[in-house]
Amino acid sequence: MIGEAIKKLREDRGISQAELAKASKLTIATLNRLEHNKVSVTLRTLQKILDVFGLEVTFKRKMPGRQD
């Protein structure tokens, strides 16, 4: 799930929930709920989080007949 990916990214980068929450302008409670998949993440919120890491939201389009 995406919450687990956010948590892993945060932990891999050595950032606390408090630090990520402050940098992304989210509350610690919101970030905690996201990481534990208690709420769905919006694209806007996801981009706020990814901005902290210098990443962006991208989509992979699966082409018919391809086995990606």
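Scope of this entry: the structure provided in the associated data block. (Residues numbered from 1 in each chain as written. Predicted model: local features only at pLDDT ≥ 70, side-chain atom pairs only at ≥ 80, totals over all residues. Heavy atoms only, no water.)

## Considering the nonpolar core
At step 1: Counting 11 residues, the largest nonpolar core is built from Ile6, Leu9, Leu20, Ala21, Leu26, Leu31, Leu34, Leu46, Ile49, Leu50 and Phe53.
At step 2: Going through the elements one at a time, helix 1 (2-12), helix 2 (17-24), helix 3 (28-35) and helix 4 (43-52) are the ones with two or more residues in this core.
At step 3: Sorting elements by how many residues they give to this core places helix 4 first, with three residues.
At step 4: The residues contacting phenylalanine 53, other than those within four sequence positions of it, are Leu9, Arg10, Arg13, Ile15 and Leu20. (Core = buried A, V, L, I, M, F, W, Y, C linked by side-chain atoms within 4.5 Å. Buried < 20%, exposed > 50% of the residue type's maximum accessible area, 1.4 Å probe, protein only. Helix = DSSP H or I, 4+ residues; strand = E, 2+ residues; numbered from the N terminus. Contact = heavy atoms within 4.5 Å.)

## Describing the packing of helix 2 against helix 3
At step 1: Following both chains from N to C, one finds helix 2 and helix 3 inclined at 110°, their axes separated by 9 Å at the closest point. As judged from the angle between their axes, helix 2 and helix 3 are roughly perpendicular. In this structure, helix 2 crosses over helix 3, and the sense of that crossing is right-handed. Where helix 2 approaches helix 3, its residues Gln17, Ala18, Leu20 and Ala21 are matched on the opposing element by Ile28, Leu31, Asn32 and Glu35.
At step 2: Grouping the constituent residues of the contact of helix 2 with helix 3 by class yields five nonpolar, two polar and one charged. (Axes fitted to C-alpha atoms, helices over the stretch in contact; angles between N-to-C directions. Parallel < 35°, antiparallel > 145°, perpendicular 65-115°, else oblique. Left-handed = near helix turned anticlockwise from the far one by under 90°. Nonpolar A, V, L, I, M, F, W, Y, C, P; charged D, E, K, R; others polar.)

Treat this as a map of the structure, not an account of what it does.
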